[in-house]
There are 2 protein chains.
Amino acid sequence: MSKYSVSPAGERFPLPEPEDDAREFQRVQALAADARAEGKEIVVVMGVGFVGAVMAAIVADSVGPDGKPGKFVIGCQRPSPRSYWKIPLLARGESPVKAEDPDVDPMIHRTVIDKKTLVATHNSDCLKLADCVVVDVQCDYSKRDLGNMKTGSAEMSALEATMRTIGEKIQPSCLVLVETTVAPGTTEFVAWPIMKRAFAARGLRTEPLLAHSFERVMPGRDYVRSIRDFWRVCSGCTPDARDRTVKFLGEILNTRDFPLTVMDRPIESETTKIVENSYRATILAFLNEWSLFAERNGVDLVKVIQAIKVRPTHSNIIFPGPGIGGYCLPKDGGLGYWAYKHILGFEDGDQLFRITPAAIDINDTRGLHVAELVRDALRNMGRYIAGANVLLCGASYREDVGDTRYSGSELVVRKLTEMGAELRVHDPYVDHWYELESQSDYPAPGH
Amino acid sequence: MSKYSVSPAGERFPLPEPEDDAREFQRVQALAADARAEGKEIVVVMGVGFVGAVMAAIVADSVGPDGKPGKFVIGCQRPSPRSYWKIPLLARGESPVKAEDPDVDPMIHRTVIDKKTLVATHNSDCLKLADCVVVDVQCDYSKRDLGNMKTGSAEMSALEATMRTIGEKIQPSCLVLVETTVAPGTTEFVAWPIMKRAFAARGLRTEPLLAHSFERVMPGRDYVRSIRDFWRVCSGCTPDARDRTVKFLGEILNTRDFPLTVMDRPIESETTKIVENSYRATILAFLNEWSLFAERNGVDLVKVIQAIKVRPTHSNIIFPGPGIGGYCLPKDGGLGYWAYKHILGFEDGDQLFRITPAAIDINDTRGLHVAELVRDALRNMGRYIAGANVLLCGASYREDVGDTRYSGSELVVRKLTEMGAELRVHDPYVDHWYELESQSDYPAPGH
């Protein structure tokens, strides 16, 4: 096992040794004690990845009615070789995520270096210090077969382990807020029981204060605003948890201009997130068939879309482009489909869900047609795809972002490579295309 | 065969005799000659049904730059027992369609009685007088099996017959504008050849001036505005036809505030209409599966939708209600699916179209679940659906309209009746539910 964790820029950070843990906790504990003495609330953000790092900075940057910081934030990440580097980076005031939003880097620098309201640690004992824990640990949907999302499954283990750790370490009165997009039912019927068992094992008789409020992050130049200045939905497992969440979010987000929607139960807010992203996936998938129809019949689909978009009721129609990806749209419907069987206990998901799975499958395979068009364009020039040098411009899933997760371009590259082409890729936002650097983790297209 | 045509209010109009035709033409010819002497353009509107009657009045109500009426409009309808009554009604200044828009009745009265810019005739010889013909003849999509739109077919015969008549009678320089929603390719590859053959049979060597510009009528209180003050799309089979259409539409519609989209070929504007209504059908169908998911898991879908709608990119998400209908959404995707094979010659429509047909099938059968819910609600009260008295409120397909065509309520009534319930229906906008008065024309649900 590696003793280092390497950042995207190539910097090597030695992994912390277990014997450092006590000292590390004392360091954080002392900082938290100072902050609490100043009247600050202690917030632990679990997971400082794509969302958590920026969420941590937003909380740390928030101010109370007196204009002074009201929160002291501890960003926490497990010391794995894959992720540990984020901690020392964040600790010196650098963003662990490459953000296209010019607000991110200054905000992280400001909160870590100037305001000293944000620190980072790998030691989850920091949970003992928390008044509030925000969970930004990933919950992926792992697909097995290309173009058949139904054979996939939700990857709950990291989230479940995190909830267990939280249940083992937090104070009974600590609010725990799950921000992760999860399979509907996860918060109340999976995470809450885990925490309850951990509380019971500690002899605690109180119910854990657990809530759910998904983010609506949009990677790109408005990254911070898409978290802070955007409508939020929340819910709690209990009225107490719900009320604490409403108060907490009101202190850190712009809920004046973007009012909170408060729902009765976590399954409602969880379902909201799944439905809204499945809706968007469906809107995108819908045009796939009409773009092929248009291509084959001399219809300019871009003009068709422009003519339709003028209608206010149709203004969100969107050309699907050569491929559809991003972290959320390809997976969220899968979490809903999976939950219906595995959390909620229904066997008729295949009959019930007709649009959502079709939309994901269509989007996931749309890139294959790009490879066919390249093949045919070369044939029209008297050439073959095998051995051809192909330059692909754009690796990430949308313009002006560096996020390559589930990018539509990935399938284009894989399919063209399968056809024998020699691929080169250019993307000014992407230094590393991780998905292509660890090929064995991913199914080859066409299989 | 009936010698009368009976209006919805029960008024009986004797059908015209063939020997009246010559006198009727002379009457209209004299009126048109007077109008032309005043510098007016003669416009014939073929079909004075749901769209045509209001379109005719809008054209007749339009004024030129001098503030005076510039068009003399002849509304024409074949003298069939089913439709003839519209002609004498319109001729005395009464709307042949029951409109919820308070502008319709005064506009028809004003143009027929006061301005005398609108007349009605059953004699298609009026086409000989036209500078411009607007075609508002229906093109239905007739389904054979409930929940399987793919076995249906486009009903082109009325439109084809009309195009033949037009080709036989118009002056060569007359502009013909198809407003009907048609299967993509119809205008250029079906209607135009029909007209060309008719021209050739008359020894004419010029190409017919044929164009397409679909309406975006929305039944309800903004009926007139949805035709006149709304964005239009148009295209011509030839540049001449296109330019004449742009000029004509600019004279009768509010193209200043709602600019025209001019497309290169009719198949592009035809496809635009099909895609935009298929889009809407898909948006509605998408929530069917999530509404069942919500129903089974204690999730309030209305609240979910409200939470999603706040996002500008998701603001058009719409709760599908107990059933989805209306004249356009259930059929337009069918016209596209059908055209792909029957006009454009492709055999892989079943592979290509995955979302559009599924959306229509889902929407067409959604009402069945209402009957199941009624059945189950009665069972929970210890009663059975057979023999139960059921009152259905709302026969038309949406609020505040009387249009029952393809109404979602129809399936609810048919299914509950099949289950043995005794149905009563109340709808303040509906005097006659024609679809249920000629039952033999419609398949029973569940078969």
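Before reading further, recall that the structure is shown in the block above.
Predicted, not measured: the structure shown is a model, and the values here were computed from it. (Residues numbered from 1 in each chain as written. Chains lettered and ligands numbered in written order. Predicted model: local features only at pLDDT ≥ 70, side-chain atom pairs only at ≥ 80, totals over all residues. Heavy atoms only, no water.)

**Q** Sorry, what's going on with the overall build of chain A here?
**A** Helix and strand counts for chain A come out as 16 helices and 14 strands. Taken over C-alpha atoms, the radius of gyration comes to 23 Å for chain A, in line with the 22 Å a tight globule of 447 residues would show. Projected onto the principal axes, the alpha-carbon positions of chain A cover approximately 75 × 45 × 40 Å. Sequence-distant contacts in chain A: of pairs separated by 6 or more residues, those separated by 24 or more amount to 76%. If you sum the accessible surface of chain A, you get close to 18,500 Å²; carbon and sulfur atoms cover 51% of it. (Helix = DSSP H or I, 4+ residues; strand = E, 2+ residues; numbered from the N terminus. Rg over C-alpha atoms; globule rule 2.2 N^0.38 Å. Contact = heavy atoms within 4.5 Å. Areas by Shrake-Rupley, 256 points an atom, 1.4 Å probe, with all protein chains shown as cover.)

**Q** It is not clear to me how the environment of arginine 424 of chain B should be interpreted in this structure. Could you clarify?
**A** All names here are of chain B. Note that arginine 424 resides in strand β14 (residues 422-426). For arginine 424, a relative accessible area of 52% translates into the label exposed. Counting along the chain gives 31 residues from arginine 424 to cysteine 393, while the straight-line C-alpha distance between them is 8.5 Å. The residues contacting arginine 424, other than those within four sequence positions of it, are Asn389, Val390, Leu391 and Leu392. At 3.3 Å, the side chain of arginine 424 forms a polar contact with the side chain of asparagine 389. (Buried < 20%, exposed > 50% of the residue type's maximum accessible area, 1.4 Å probe, protein only. Polar contact = N/O pair within 3.5 Å; in protein donor to acceptor, adjacent residues only side chain to side chain.)

**Q** What's the story with the interface of chain B and chain A in this structure? I'm lost.
**A** Taken together, the 58 residues of chain B in the interface contact 58 residues of chain A. Summing both partners gives a buried area of about 5,600 Å² for chain B against chain A, and 68% of it is carried by carbon and sulfur. One can count eight salt bridges joining chain B with chain A. Residues aspartate 348 of chain B and arginine 296 of chain A are paired through a salt bridge, measuring 2.8 Å at the closest nitrogen-oxygen approach. Every element with two or more residues in the side of chain B that touches chain A is listed here: α9 (266-296), α10 (301-309), α11 (329-342) and α13 (356-365) of chain B. At 20 residues, the largest contribution of residues to the side of chain B that touches chain A is made by α9 of chain B. Residues belonging to the side of chain B that touches chain A are distributed by class as follows: 33 nonpolar, twelve polar and 13 charged. (Buried area = accessible area lost by both parts, 1.4 Å probe. Salt bridge = Lys/Arg side-chain N within 4 Å of Asp/Glu carboxyl O. Nonpolar A, V, L, I, M, F, W, Y, C, P; charged D, E, K, R; others polar.)

**Q** What am I meant to see in the sheet that holds strand β11 (residues 233-236) of chain A here?
**A** Within a sheet, adjacent strands bond to each other through the backbone by hydrogen bonds, running parallel or antiparallel. All names here are of chain A. Spatially, the eight strands line up as an open sheet ordered β5-β4-β3-β6-β9-β10-β11-β12, and their pairing is mixed. Each edge of the open sheet carries a strand with a single partner, namely β5 (118-121) and β12 (261-262). With four bridges joining them, strand β3 (residues 41-46) and strand β6 (residues 132-135) adopt parallel strand pairing. Residue valine 45 lies in a different strand from β6, and its bridge partner there is valine 134. Sitting on the sheet, helix α8 (residues 239-252) is in contact with β3, β4 (71-76), β6, β9 (175-178), β10 (209-212), β11 and β12, with an inclination near 75 degrees to β9. (Pairing = 2+ DSSP bridges. Axes fitted to C-alpha atoms, helices over the stretch in contact; angles between N-to-C directions.)

**Q** Explain the packing of helix α9 (residues 266-296) of chain A against α9 of chain B to me, please; I cannot follow it from the model alone.
**A** In a packed pair of helices, the relevant descriptors are the angle between the two axes and the axis-to-axis distance. At a minimum axis separation of 10 Å, α9 of chain A and α9 of chain B run at an interaxial angle of 150 degrees. When the interaxial angle is binned, α9 of chain A and α9 of chain B end up roughly antiparallel. Once α9 of chain A is placed against α9 of chain B, the crossing between them reads as right-handed. Contacts from Thr271, Ile274, Val275, Ser278, Tyr279, Thr282, Ile283, Phe286, Leu287, Trp290 and Phe293 of chain A of α9 of chain A reach α9 of chain B at Thr271, Ile274, Val275, Ser278, Tyr279, Thr282, Ile283, Phe286, Leu287, Trp290 and Phe293 of chain B. Classifying every residue of the contact of α9 of chain A with α9 of chain B gives 16 nonpolar, six polar and no charged. (Parallel < 35°, antiparallel > 145°, perpendicular 65-115°, else oblique. Left-handed = near helix turned anticlockwise from the far one by under 90°.)

**Q** Explanation requested: the relation of the copies chain B and chain A in the structure shown.
**A** Each copy of the chain is related to the other by a rotation around an axis and a translation along that axis. When chain B is brought onto chain A, the operation consists of a screw motion whose angular component is 180 degrees and whose axial shift is 0.0 Å, with 0.0 Å RMSD remaining. Taken together, these values place the two copies in the relation of a two-fold axis. A shared binding surface is used by both copies, with 100% of the interface residues of chain B retained as interface residues in chain A. (Least-squares fit on C-alpha atoms with pLDDT ≥ 70 in both.)

**Q** What should I look at first to understand helix α15 (residues 408-418) of chain B in this one?
**A** Since one α-helical turn is 3.6 residues long, residues separated by three or four positions face the same way. Residue and element names in this part refer to chain B. Burial analysis of α15 places nine of its eleven residues in the buried class, which makes it a mostly covered element. Buried residues along α15 sit in contact with α13, α14 (367-380), β13 (389-393), β14 and α16 (434-437). For α15, the N-terminal cap is serine 407; the gap from its side-chain oxygen to the backbone nitrogen of serine 409 is 3.0 Å. Two residues or fewer after α15 comes glycine 420, characterised by a positive phi angle close to 100 degrees.

**Q** Mind showing me how you'd approach the sheet that holds strand β5 (residues 118-121) of chain B here?
**A** All names here are of chain B. Sheet architecture is open: eight strands sit in the order β5-β4-β3-β6-β9-β10-β11-β12, paired in mixed fashion. With partners counted over all chains shown, the strands left at the sheet margins are β5 and β12 (261-262), one partner each. Note: strand β3 (residues 41-46) against strand β4 (residues 71-76), six bridges, orientation parallel. The residue bridging methionine 46 from the neighbouring strand is cysteine 76, located in β4. Sheet strands touched by helix α6 (residues 186-201): β9 (175-178) and β10 (209-212). Its angle to β10, the strand with the most contacts, is close to 155 degrees.

**Q** Looking at this model, I keep getting lost on unusual backbone geometry. Mind explaining?
**A** For residues other than glycine, phi is negative in most cases, and the peptide bonds are mostly trans. Even without a glycine there, the phi angle at tyrosine 406 of chain A is positive, about 50 degrees. Located in the positive-phi region is lysine 116 of chain B, a residue other than glycine, with phi close to 55 degrees. Along the chain, lysine 116 of chain B falls in the loop between α4 (104-114) and β5.

**Q** Which parts of the structure should I look at to understand the pattern of salt bridges?
**A** Should their charged atoms come close, side chains of opposite charge can pair. A complete count under the given rule lists 71 salt bridges over all chains for this structure. Put simply, glutamate 268 of chain B and lysine 303 of chain A hold a salt bridge, and the shortest N to O gap is 3.2 Å. In this pair, glutamate 268 of chain B sits in helix α9 while lysine 303 of chain A sits in helix α10 (residues 301-309), so the two residues belong to two different chains. Of the residues examined, glutamate 268 of chain B reaches a relative accessible area of 4% and is grouped as buried. Between glutamate 215 of chain B and lysine 273 of chain B there is a salt bridge, with its nearest N and O atoms 3.9 Å apart. Here glutamate 215 of chain B, found in the loop between β10 and α7 (223-228), pairs with lysine 273 of chain B, found in helix α9; they are 58 residues apart in sequence, far enough to count as distant. Judged on exposure class, the residue glutamate 215 of chain B and its partner lysine 273 of chain B are both buried. If you follow the salt bridges from partner to partner, you end up with Glu41, Lys71, Lys247 and Glu251 of chain A in one network.

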